Amino acid sequence: MEKFVEQTLLYDFYGELLNEHQRNIYKDVIFNDLSLSEIADEYGISRQGVHDVIKRVNRSLCLYEDKLHLVEKFLSTKEKLCTIERLTEEAINSDNFNCADVVKQIHVIVKEIIDSI
């Protein structure tokens, strides 16, 4: 997964578990694209301090994901829903539509989703 997308997903799922100071600095680096120097000046800390906060936050977000797997489950569910969408689209646009086969495939996918939540 692209690093930026991974960071934003992790933040979306676990950002509220960070303290306000960590959230603010992380948002400034990741979402506002501010430099370490700009953030250091804004918060009255060193560039190394900003770097340490970002490193600590990244480690925390990854640990949350390692324990809870929310991003992994989200991405898996999204992929399965896209498959369901594709199957239904193909069935709608097909001249050789076999309803039973499509329903069986969708049933299997839905069961996988239900079992994963």
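Presented here is an overview of the structure given in this document. Owing to the predicted nature of the structure, the values given are computational and were not obtained by experimental measurement.

### Let's talk about the overall build of the protein chain
Here comes step 1: Of the regular secondary structure elements, the protein chain holds six helices and zero strands.
Here comes step 2: Ordering the α and β elements of the protein chain from the N terminus gives α-α-α-α-α-α.
Here comes step 3: Rg of the C-alpha trace for the protein chain: 21 Å, well past the compact-globule value of 13 Å for 117 residues, more than 25% over.
Here comes step 4: Along the first, second and third principal axes, the C-alpha set of the protein chain runs to 65 × 30 × 20 Å.
Here comes step 5: Each of the 117 residues in the protein chain was classed as buried or not, and the buried ones make up 28%.
Here comes step 6: Of note, the protein chain has its 14 positive side-chain charges centred 7 Å away from the centre of its 22 negative side-chain charges.

### A few points about a negative patch on the surface
Here comes step 1: Residues D33, E38, D41 and E42 make up a contiguous surface patch of negative charge.
Here comes step 2: As for its placement among the helices and strands, D33 is situated in the loop between α2 (20-30) and α3 (36-43).

### Describing the nonpolar core
Here comes step 1: Of all hydrophobic cores here, the largest spans 17 residues; its most connected members are I25, Y26, V29, V50, I54, V57 and L61.
Here comes step 2: For this core, the elements supplying multiple residues, two or more each, are α1 (3-14), α2, α3 and α4 (47-68).
Here comes step 3: Ranked by the residues each element gives to this core, the list is headed by α4, at five residues.
Here comes step 4: Apart from residues lying up to four places away in sequence, V57 is in contact with L18, Q22 and Y26.

### Considerations on the side chain of Q7
Here comes step 1: Note on placement: Q7 falls in helix α1.
Here comes step 2: Apart from the residues within four sequence positions on either side, Q7 is in contact with Y26, I30 and N58.

### Remarks on the packing of aromatic side chains
Here comes step 1: Scanning the model with the defined rule gives five aromatic pairs in all.
Here comes step 2: A centroid spacing of 5.8 Å and a plane angle of 40° characterise the contact between Y14 and Y64, whose relative ring orientation is tilted. With Y14 in helix α1 and Y64 in helix α4, the pair connects residues that are 50 residues apart, well separated along the chain.
Here comes step 3: You can call Y14 buried: its relative accessible area is 1%.

### Concerning unusual backbone geometry
Here comes step 1: The backbone of D33 shows a phi angle near 55°, a positive value even though the residue is not glycine.
Here comes step 2: Overall, D33 belongs to the exposed group, its relative accessible area being 67%.

### Considering the environment of I106
Here comes step 1: Along the polypeptide, I106 turns up in helix α6 (residues 99-116).
Here comes step 2: According to the relative accessible area criterion, I106 is buried, its value standing at 18%.
Here comes step 3: Through-space distance from the C-alpha of I106 to that of V29 is 42 Å; in sequence the pair is 77 residues apart.
Here comes step 4: Leave out the neighbours within four places in its chain, and I106 touches I84, L87 and T88.

Rules and cut-offs
- Residues numbered from 1 in each chain as written.
- Predicted model: local features only at pLDDT ≥ 70, side-chain atom pairs only at ≥ 80, totals over all residues.
- Heavy atoms only, no water.
- Helix = DSSP H or I, 4+ residues; strand = E, 2+ residues; numbered from the N terminus.
- Rg over C-alpha atoms; globule rule 2.2 N^0.38 Å.
- Buried < 20%, exposed > 50% of the residue type's maximum accessible area, 1.4 Å probe, protein only.
- Lys, Arg positive; Asp, Glu negative; His and termini not counted.
- Charge placed at Lys NZ, Arg CZ, Asp CG, Glu CD.
- Patch = residues over 30% accessible without salt bridge, like charges linked within 9 Å, V, L, I, M, F, W, Y side chains within 5 Å.
- Areas by Shrake-Rupley, 256 points an atom, 1.4 Å probe, with all protein chains shown as cover.
- Salt bridge = Lys/Arg side-chain N within 4 Å of Asp/Glu carboxyl O.
- Core = buried A, V, L, I, M, F, W, Y, C linked by side-chain atoms within 4.5 Å.
- Contact = heavy atoms within 4.5 Å.
- Phe/Tyr/Trp six-rings, centres within 6.5 Å; stacked < 30°, edge-to-face > 60°.

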